[in-house]
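Remarks on the overall topology
Chain residues, written in single-letter form:
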Amino acid sequence: MKRSLVFGILWPVMLLMGCEDGPAGNGAIFSGSDSWSIPRDEVFDGGPGKDGIPALTEPEFISAGEAEYLSDDELVLGFVHGDEARAYPHDILDWHEIINDLVGDVNISVTYCPLTGTGIGWNREIDGNVTTFGVSGLLYNSNLIPYDRSTGSNWSQIRLDCVNGEHIGKKVEVFPLVETTWFTWKEMYPTTTVVSRNTGHDRNYGRYPYGNYRTAHDNLIFPVANEDDRFQNKERVLGIVQSGRVRVYSFTGFDDKVNVINDELNGIDVVVAGNREDNFMVAYINDPGDGSTLSFSAVQGQYPVVMTDGEGNMWDVNGRAVAGPRKDARLSPAASFMGYWFSFAAFYPDLTIYGDS
Amino acid sequence: MRYLNYILKYIIVAQGILVSGQLPGYSQTCCSGGVPLSGNIGFEGAESGTLQMELSYDLNYLATLKTGSEIYEDGTRQRTTHSLLVKAGYSIKHWLAIDALFSYVFQGRRITFDDQINQVDTRGLGDAVLMAKFILLNLPEAGSELQLGIGPKLPLGRSDLTNNFDITLNADMQPGSGSWDLITWSYYARQFVKRPTTVVSARIVGRLNGTNREYLGTQTYRIGNSVQFYLGIGDNVVWGNMILSPSLSLRYRYADGDQINGQTLENTGGQWINLLPAVSWHLSPNSILHFVPELPLYSEVGGTQLTPTFRMQLGFYHSFGRIGKNKSNTYQL
């Protein structure tokens, strides 16, 4: 009996201890190569897996009047090309994170990370080749890592560059997006279209999938490299990324009308326009295309026009002169985007805050 | 024996806290693909000196995507957990036994998107459970059986496995939870007076979970506490020269949401009701082969999760030494 007892207790332990731990056999298919430009031990598997969050490609659009599902205070990412305005609602992006779209002749990927609150328009034409981006399922500093389907390279959304794979080191070309409420966007562009909920995926778009994450400042699901308590973690701010330098603008610097800030970052003149009540901030490089610098001031009640200059030009929220001697000129888009404060602090520890001495 | 009274009272109180504190207020991150430990611990009572062993294979296949109780028509995501379970129990006295459960786990995650398949697999030694059981009533003597058990779940499994590119996988794909947990277990079975081979049984298993303080290096992760209720009926039938024990059980499981850094994760936890039509084949007086499929009847998950579509278990049981004359026939999943 004793022999049975000893055998009975020991053999299962011996059996199981003899096995190895680790990734199993031929699984673990992540695209990319071994070389990363970011610390690999700070890249984490987000849980759903590669394409577990399905990106949309050229989805169906409907008119603003047909979009009864959207409430006025829902946030959207707006994009304008030529005379065409399109809105990409957060409540669809929360479930898909990337929308690969074609607007006129512009191949754009609207990338949105629900964990960092960052929505950025990416050119999906790389070296002359049009690609689509998918959700890799990986996160760096809690932020989305899209992958391009042509080469499988992994890109960092907030760093705006490729961090792994064939395109490693390549910079992202950014298209300007306006993040604001559906109400404000419709006021600016009444003929806008918006992504339909008929996406081909069965999801409950009316439900935010991350619980209290948007407002719980202590709720960070994944590690970040740097934390900074100058703002609360989930406060939405605008960040301008210019040659590795970053400056952040908070709604606290704006009031409930259009405000304009003429600023300089890293030797480059920039202009920031925003309205706290209407919930938007945008930024452009203060160069109308001829190397000159303009002095901007705010325009009220004429959306989408938000500012004018000393020459009498009227500039819209997309940085285009819609009236005046420079009509149809464009301000170069700054690499700027809205996001939760903690995400800028995580990626750019040396950032400055507008208004801080 | 005075200490025994304290221990038994503690088990009852702990289970009471689990049951009253959890219901329904909501275990594994993003899906319910965890290793089936607490549901498998605990043998039926046996005479002192008896060693009971069991080797089983457990499959948990998850392909049902839900928000709350609403099912999405989505066939893109699949999770599988294959577990090899080795269970041993030794009856020290007629009123005291010790059970142990060890696991080895193979986990897989498959995404199908635009006809491309992305598969991630992990494997590893899973966590283990040790449990002391106190047999208050014994089936052969009293016509009913009552056991209470308590013990730790040992974090033997790794919780920091990486994929082939050295990227740390999330908690759901780890074979271990990285935490010390407390398991409470109670079991009651009763024979029918007119048909002693027919036994009804009930089981409550509670799990109070500790915290993994090294999750993703710097985070804390705590799997939500859970409680399970089993209710079953089984019998012996003679078929040719074989003795078969068909049984039917109902399982209710409630799990609280997981927590990262003390914050509840949205897409975790929930409640599940499953039906378990099982059959056991008595190969000899001391050996039993059993098959237990598990069919989901109802579930309401926290947030949006993959939830079990099908489960099954195949196992071989053997006892060394004397076993009770009238074993319960409701297989304990």
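This structure is a prediction, so every number in the text was calculated from the model and none was measured.

A word on the domain arrangement of chain A
All names here are of chain A. With domains assigned, chain A is organised as domain 1 (40–195) and domain 2 (236–353). On a C-alpha basis, the centres of domain 1 and domain 2 stand 21 Å from each other. Contacts between the two partners involve 22 residues from domain 1, matched on the other side by 20 residues from domain 2. Those elements that place two or more of their residues in the side of domain 1 that touches domain 2 are strand 9 (118–123), strand 17 (178–181) and helix 3 (182–188). In terms of residue class, the side of domain 1 that touches domain 2 is built from nine nonpolar, 10 polar and three charged.

Structural notes on the pairing of strand 12 (residues 133–140) of chain A
Residue and element names in this part refer to chain A. Within strand 12, eight of the eight residues are buried, leaving the element largely enclosed by the surrounding structure. Bridge analysis of strand 2 (residues 43–45) against strand 12 gives three bridges, and the strand direction is antiparallel. Paired with Asp45 across the bridge in strand 12 is Leu138. As paired strands, strand 12 and strand 13 (residues 143–148) are joined by five bridges and run antiparallel to one another. Paired with Tyr140 across the strands is Asn143, a residue of strand 13. Linking two consecutive strands that pair antiparallel, namely strand 12 and strand 13, is a turn of two residues; a positive phi of about 55° is found at Asn141 within it.

Comments concerning the sheet that holds strand 29 (residues 352–353) of chain A
Residues and elements named next belong to chain A. With mixed pairing, four strands are arranged side by side in an open sheet as 28-19-20-29. With one partner strand each, in any of the chains shown, strand 28 (335–340) and strand 29 form the two edges of the open sheet. Pairing geometry for strand 20 (residues 245–250) and strand 29, over two bridges, is parallel. The residue of strand 29 that forms the bridge with Arg247 is Thr352.

Thresholds, definitions, all that
Residue numbers run consecutively from 1 along every chain, following the written order of its sequence. Naming scheme: in the order in which they are written, chains are lettered from A and ligands are numbered from 1. In keeping with the model being predicted, local features are shown solely for residues with a pLDDT of at least 70 and side-chain atom pairs are shown and tallied solely at 80 or more, while totals for entire chains, interfaces and linings include all residues. Note that the domain bounds were set by an automatic or database domain assignment. Each residue gets a C-beta atom placed from its backbone, and two residues are in contact if those atoms lie within 7 Å. Helix and strand labels come from DSSP, where a helix needs a run of H or I of at least four residues and a strand needs a run of E of at least two; each type is numbered from the N terminus. Here the nonpolar group is Ala, Val, Leu, Ile, Met, Phe, Trp, Tyr, Cys and Pro; Asp, Glu, Lys and Arg are the charged ones; every other residue, Gly included, is treated as polar. Whether a residue is buried, exposed or partly exposed is read from the other C-beta atoms within 10 Å of its own C-beta, which are placed from the backbone; 20 or more gives buried, 12 or fewer gives exposed, and intermediate counts give partly exposed. At least two DSSP bridges between two strands are needed for those strands to be called paired.

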